[in-house]
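Residue strings, one per chain:
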Amino acid sequence: MNWIFLNKNNSDEYIEMFAAGSRTKPTCLETWRYEDSTDPLVLRGIMKHKIIKRCWADGRQFYYMDSGYLGNRPNLSNPNGWKFYHRVVPNDLQHGDIIDRPADRLQRLGISIRPRQNHARDILIVAPDQKPCTFYDTSLETWLKTTLETLKLHTDRPIRMRERPTSRLDRKTQKPEEWLNDVHAVVTFNSTAATESVLAGVPVFVMAPCNAARPVANLDLSAVDSPWFPDQDQILEWASHLAYGQFHIDEFKNGSAERILLQTEEMLGA
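Values in this document were obtained by computation on a predicted structure and should not be read as measured data. (Residues numbered from 1 in each chain as written. Predicted model: local features only at pLDDT ≥ 70, side-chain atom pairs only at ≥ 80, totals over all residues. Heavy atoms only, no water.)

(A) Inspection of the sheet that holds strand β9 (residues 204–206) at higher detail. Read from one edge of the open sheet, 4 strands run β7-β6-β8-β9, paired in parallel fashion. The two strands at the open ends of the sheet, each matched to only one other strand, are β7 (159–162) and β9. Neighbour to neighbour, the strand axes of the sheet diverge by 20° on average, direction disregarded. The pairing of strand β6 (residues 122–126) with β7 spans 4 bridges and is classified as parallel. Within β7, the position partnered with Leu124 by the bridge is Arg160. Against the sheet, helix α5 (residues 140–154) makes contact with β6, β7 and β8 (183–188), and its axis sits at roughly 165° relative to β6, the strand it touches most. (Pairing = 2+ DSSP bridges. Helix = DSSP H or I, 4+ residues; strand = E, 2+ residues; numbered from the N terminus. Axes fitted to C-alpha atoms, helices over the stretch in contact; angles between N-to-C directions. Contact = heavy atoms within 4.5 Å.)

(B) Broad picture of unusual backbone geometry. A positive phi is found at Asn10, a non-glycine position, where the angle reads about 50°. Structurally, Asn10 can be placed in the loop between β1 (4–7) and α1 (13–21). With relative accessibility at 45%, the residue Asn10 sits in the partly exposed group. Residue Arg23 is not a glycine yet carries a positive backbone phi of 60°. Within the element layout of this structure, Arg23 appears in the loop between α1 and β2 (27–28). (Buried < 20%, exposed > 50% of the residue type's maximum accessible area, 1.4 Å probe, protein only.)

(C) Region of interest: α1. Buried within α1 we find Tyr14, Ile15, Met17, Phe18, Ala19 and Gly21. Residues of α1 that are buried make contact with β1, β3 (41–44), β4 (62–67), β5 (85–90), α10 (249–254) and α11 (256–268). The distance from a side-chain oxygen at the start of α1 to the backbone nitrogen of Tyr14 is 3.1 Å, and the residue carrying that oxygen is Asp12. (Polar contact = N/O pair within 3.5 Å; in protein donor to acceptor, adjacent residues only side chain to side chain.)

(D) A look at the sheet that holds β3. Pairing is mixed in the open sheet, where 6 strands are placed in the order β2-β1-β3-β4-β5-β10. Strand pairing shows two members of the sheet lacking a second neighbour, β2 and β10 (246–248), which therefore form its edges. Strand direction decides the pairing type here: β5 and β10, joined by 3 bridges, are antiparallel. Bridge pairing links His86 to Phe247 in β10.

(E) Summary view of α5. In this model α5 runs 21 Å from its N-terminal to its C-terminal C-alpha over 15 residues, within 8% of the 21 Å that 1.5 Å per residue would give. Along α5, the positions that sit buried rather than exposed are Leu140, Trp143, Leu144, Thr147 and Leu151. Down the axis of α5, the smallest arc covering the buried residues is 95°, so these residues share one side. Summarising the geometry of α5, the exposed residues directed more than 90 degrees from the buried face are Glu141, Lys145, Lys152 and Leu153. In this structure, the buried residues of α5 make contact with β6, α4 (130–135), β7 and β8. (Expected span 1.5 Å × (residues − 1). Arc of directions from axis to C-beta.)

(F) Molecular detail of the state of the cysteines. On inspection of all chains with the given rule, the structure shows 0 disulfides. No disulfide involves Cys55; its sulfur sits 15 Å from that of Cys210, the nearest cysteine. Counting only cysteine sulfurs, Cys210 is the nearest neighbor of Cys133, a cysteine outside any disulfide, at a range of 14 Å. (Disulfide = S-S within 2.5 Å.)

(G) Region of the structure containing the nonpolar core. Judged by nonpolar contacts, the single largest core of 30 residues is most densely connected at Leu70, Leu124, Leu180, Val186, Val198, Val204 and Trp238. Of all the secondary-structure elements, those providing two or more residues to this core are β5, α3 (104–109), β6, β8, α8 (193–199), β9 and α9 (232–243). Looking at this core, the element that brings in the most residues is α9, giving 5 residues. Once you skip the residues sitting within four places of it in the chain, Trp238 turns out to touch Ile98, Thr195, Val198, Leu199, Ala212, Ala213, Pro215 and Val216. Core analysis: the next-biggest nonpolar cluster, separate from the first, contains 18 residues, Tyr14, Met17, Val88 and Phe252 among them. (Core = buried A, V, L, I, M, F, W, Y, C linked by side-chain atoms within 4.5 Å.)

In structure tokens, the structure reads:
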């Protein structure tokens, strides 16, 4: 594939890893011209929104890179919680419809799937930061105001707020089972907290047009008092799918990420 790996300021280490494993030199974003080819793009970070939206308008293929869904919190294979895993998404910000996959990559991550929590009380709003709000032409203040107003129309349950920790250290050391204690349902925009919540047995409502948890989430806040929750087989199928949409940095370097992505294209007839 003639992928163009867009490297901001020639300093994006993850783009450089991926390009090297794909036997390609990255392209400096600042000197690259969109019009010079129609080859697929590889780009990282939501602030590339102008390029992404232009690709959508033109029907141009791209791969979007960002933090992975699973495996970046402290665990047996990653005790320090380093950001080893990064998702690569074709033509969108997060993965959508489930592709049938084996469970081998999920099992290697040691991810457990917990049964649904029962008899919990609170609604937890997990607030996004401003970047995804900007991408979808809204603001954090507007989203929070609208979400709170809608929830109060449909529930009398206590509502708690969890803001995104500023520090990466705080984000990686906060265990989901701690901030999900006594939570009846999580409401979020595009956060990967939705993925963690489902795996922890807590129903999720996602409000962004694109969120990896949408196949196993609720979309209508009017059902907040009695949310749907997927069964264990559905969660396993979904989580196995996500494990095939993210890669360890070593897989970028050794070409495994490229190989799996090309196999996925073949499966989908792309």
